[in-house]
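The chain contents come next:
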Amino acid sequence: VALAFQDTLANVFSGLNLTLAGQVRVGDYIKLGEDVDGFVVDIGWRATTLRTLAGLIIFIPNKKLAETAMTNYTRDPGMSIELVFRTGLDCAPERVETIVLDEIQQAAQALPGIRTEVPACVRFKAFGDWALEFNAYVDIVSFQDRMVLRHELMKRLHHRLKREQIAVPVPQLRVDALAATSTTTTPSSSSSSS
């Protein structure tokens, strides 16, 4: 009987421990390992129920939840999103930085979910073969809004760079066609006399 109830008791005690320790609460947005993330819908005796952003319901045994590396984004909401963009090689990095920071400040007034108390930053990442590469980091309030905010910020950034006439290059491949010249050699006919 003890062997038969071993997993059940482990799940019950793990669920009780998680609840009493306050590591997870209903409504929290958590991520388990690398693959599973979602809102905690219910913490039962045997399993915890998650609802993903896509609306899928996932049941996780409490024992597995207690043993897996877990990130609780609701408990530590301070996070940033990364905006990756490129400009032409002839652009002045200082000008690009000023324009991008200004656009992010304007977006923070119009888009809920961007933390205004933490200033955004722009970093000049690299000289690429065909562009200058930049990263911008913007602090946001809620982890689950990261995709929508990145989408909106990238659109605003694209429009602003176009208005400022800053080229947003795309990679190009140059192919030089070599004229194929085939030289036909014909063996010279030589008459051999014996």
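Because the structure is a prediction, the values reported are computed rather than measured.

**So, the overall build of the chain**
Then step 1. When helices and strands are tallied, the chain shows 4 helices and 8 strands.
Then step 2. Shown N-terminal to C-terminal, the secondary structure of the chain runs as helices and strands in the order α-β-β-β-β-α-β-β-α-β-β-α.
Then step 3. Each of the 194 residues in the chain was classed as buried or not, and the buried ones make up 30%.
Then step 4. Across the chain, every contact between residues at least 6 apart in sequence was considered, and the portion connecting residues at least 24 apart equals 62%.
Then step 5. Summing over all exposed atoms, the chain offers an accessible surface of approximately 13,100 Å²; the carbon and sulfur share of this is 54%.

**Some words on the confidence of the model for the chain**
Then step 1. Mean pLDDT over the chain: 82, with 77% of residues reaching 70 or higher.
Then step 2. The secondary-structure element of the chain with the lowest mean pLDDT is helix H1 (residues 6-21), recorded at 66, while helix H3 (residues 93-110) shows the highest, at 95.

**Some thoughts on the pattern of salt bridges**
Then step 1. Using the criterion set out here, one finds 10 salt bridges in the structure.
Then step 2. Notably, a salt bridge pairs Arg160 with Asp102, separated by 2.9 Å at the nearest N-O pair. Pair noted here: Arg160 is in helix H4 (residues 146-163) and Asp102 is in helix H3, with a separation of 58 residues, a long-range link.
Then step 3. Given a relative accessible area of 9%, Arg160 falls into the buried group.
Then step 4. Note that Glu117 is salt-bridged to Arg115, the shortest N-O span being 3.0 Å.
Then step 5. Through salt bridges with shared partners, a single ionic network connects Arg95, Asp102, Glu103, Arg156, Arg160, Arg163 and Glu164.

**Comments concerning the environment of Gly88**
Then step 1. Along the chain, Gly88 turns up in the loop between strand E6 (79-87) and H3.
Then step 2. Gly88 sits 78 residues away from Ile166 along the chain, and the two C-alpha atoms are 7.3 Å apart.
Then step 3. Apart from residues lying up to four places away in sequence, Gly88 is in contact with Leu132, Ala167 and Pro169.

Conventions adopted
Residues numbered from 1 in each chain as written. Predicted model: local features only at pLDDT ≥ 70, side-chain atom pairs only at ≥ 80, totals over all residues. Heavy atoms only, no water. Helix = DSSP H or I, 4+ residues; strand = E, 2+ residues; numbered from the N terminus. Buried < 20%, exposed > 50% of the residue type's maximum accessible area, 1.4 Å probe, protein only. Contact = heavy atoms within 4.5 Å. Areas by Shrake-Rupley, 256 points an atom, 1.4 Å probe, with all protein chains shown as cover. pLDDT = per-residue confidence, 0-100. Salt bridge = Lys/Arg side-chain N within 4 Å of Asp/Glu carboxyl O.

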